[in-house]
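# Commentary on secondary and tertiary structure
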Amino acid sequence: MRLIGPEDMKAFRCLAGACRHTCCRGWEIDVDEESTARYRATEGAIGERLRANLETDETGTHFRLDAQERCPFLNGEGLCDLILEMGEDALCQICRDHPRFRNFYSDHVEIGLGLVCEAAARQVVEREEPLRLVTLEDDGVREDVPEEEAWLQAAQSRLLALAQHREASMPERIAAIREDAEVPELSLTEDHLDLLMELEVLDPAWHGILSSMRAALSAPWLTEGMEKPAEQLLCALLCRHLAGALEDGAYRERVLLCLLSLEIIFRASAVLEMEGREALIEAARLFSGEIEYSDENVGALLDCLSETLEESGGQ
Ligand code: SF4
């Protein structure tokens, strides 16, 4: 089995105490079974603290968040007490992995950086060279690839190549992607914003951003000089979301999701009190937390895009 991912994957560094939006706050932290057993057997004061902060319900075991929804091991300096006391190897799977995401195929696992992390979003937005997916690990074991997986992998490679065709303008590249995937032209509308307003919200500021975007929907969203960040974000979105089509069969909806997500990120960046790439990094981080990291929210957008495809008569 091979592990495939961005060439610069290993350059990722967590900002730890310098992170402004720590991932150790605001959402449930699921603890895998192996780590739960290890934590329950840990001796000493840290073991007692671990046991006091694990809670199990019908969905599994989690860390008991405090009143501010902070992980109980996130200390006042923004550092993790588990790492400080037991080393990085003590982390449970989700904490070791984050912000990396994995898509599973029969013959390889594809890894990427989730935009919800400000350091990951910066790495994506500021990458100058085209994203290159390379083999990061290989144990030499080979598996057969089912036809639908081979088809999807080929489609993803084609769309990435079209997104990275730097001789063409970004609108031309997007048009080429639409043509390849046979999806209609689509722009963000008031209806999309209404839908986004109805979805589950993580950061209350998101609603204000959506409201501000409403007033500027007729303005062009792809700002001059931002083609490279647009390319990198689009590639990150394609790598993250296309694989889901193996489960739900919604390949064309997912292509539209990536294109619409790119527009949402750019339009959100335009209403933030920041400029240029900094605004884009912050908008990508916000968007990812609000949409990408919620299966329900992604599902609601896919349903909406499915209707779009139906209305367009399959064109
Ligand atoms: S959001 Fe990213 S940079 Fe911040 S603490 Fe989490 S992994 Fe580190």
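Because the structure is a prediction, the values reported are computed rather than measured.

## Observations regarding the overall build of the protein
Summing up its helical and strand segments, the protein has 14 helices and 7 strands in all. The C-alpha atoms of the protein give a radius of gyration of 20 Å, which matches the 20 Å a tight globule of 315 residues would have. Considering only C-alpha atoms, the protein reaches an extent of 60 × 50 × 40 Å along its principal axes. Out of the 315 residues in the protein, the part that is buried amounts to 34%.

## Considering the nonpolar core
Among the nonpolar cores identified, the biggest contains 71 residues, and L233, L234, L238, L262, I265 and A284 are the most heavily contacted of them. Elements with a minimum of two residues in this core: helix 5 (118-125), helix 6 (147-163), helix 7 (170-181), helix 9 (205-214), helix 10 (227-241), helix 12 (251-271), helix 13 (276-292) and helix 14 (295-311). If you tally residues by element for this core, the top one is helix 12, at 12 residues. Discounting residues that sit within four places of it in the chain, A284 has contacts with L115, A121, V125, L233 and I265.

## Examining the site of the ligand
All residues in the neighbourhood of the ligand are listed as C14, L15, C19, H21, T22, C23, H98, P99, C117, E118 and A119. Broken down by class, the residue content of the shell around the ligand amounts to 7 nonpolar, 3 polar and 1 charged.

## Focus: the sheet that holds strand 6 (residues 108-113)
Strand order in the open sheet made by the 4 strands is 5-6-1-7, with mixed pairing throughout. Here the strands that pair on one side only, and so sit at the sheet edges, are strand 5 (100-104) and strand 7 (133-138). Recorded for the sheet is a direction-independent mean angle of 30° between the axes of neighbouring strands. Two strands pair when backbone bridges link them, and strand 1 (residues 2-6) and strand 6 are joined in this way by 3 bridges, in the parallel orientation. Bridged to I4 within strand 6 is E110.

## Examining the domain arrangement of the protein
Considered domain by domain, the protein is made up of domain 1 (24-97) and domain 2 (118-131 + 145-311). If you average the C-alpha positions of domain 1 and of domain 2, the two centres end up 33 Å apart.

## Overview of the packing of helix 12 against helix 14
It is at 9 Å that the axes of helix 12 and helix 14 come closest, and there the two elements cross at 110°. With respect to their mutual orientation, helix 12 and helix 14 come out roughly perpendicular. From helix 12, R252, E253, L256 and L257 reach across to helix 14, where they touch L301, L302, L305, S306, T308 and L309.

## Examining unusual backbone geometry
Following H98, the chain continues to P99 via a peptide bond in cis, the omega torsion being 10°. When you line up the elements, P99 lands in the loop between helix 4 (93-97) and strand 5. Unlike most non-glycine residues, E69 shows phi in positive territory, near 60°. Mapped onto the elements, E69 comes out in the loop between strand 4 (60-63) and helix 3 (81-86). Phi at E182 is positive, roughly 55°, even though this residue is not glycine.

How each quantity is defined
Residues numbered from 1 in each chain as written. Predicted model: local features only at pLDDT ≥ 70, side-chain atom pairs only at ≥ 80, totals over all residues. Helix = DSSP H or I, 4+ residues; strand = E, 2+ residues; numbered from the N terminus. Rg over C-alpha atoms; globule rule 2.2 N^0.38 Å. Buried ≥ 20, exposed ≤ 12 C-beta atoms within 10 Å, placed from the backbone. Core = buried A, V, L, I, M, F, W, Y, C linked by C-beta atoms within 7 Å. Contact = placed C-beta atoms within 7 Å. Near = placed C-beta within 6 Å. Nonpolar A, V, L, I, M, F, W, Y, C, P; charged D, E, K, R; others polar. Pairing = 2+ DSSP bridges. Axes fitted to C-alpha atoms, helices over the stretch in contact; angles between N-to-C directions. Domains from an automatic or database assignment. Parallel < 35°, antiparallel > 145°, perpendicular 65-115°, else oblique.

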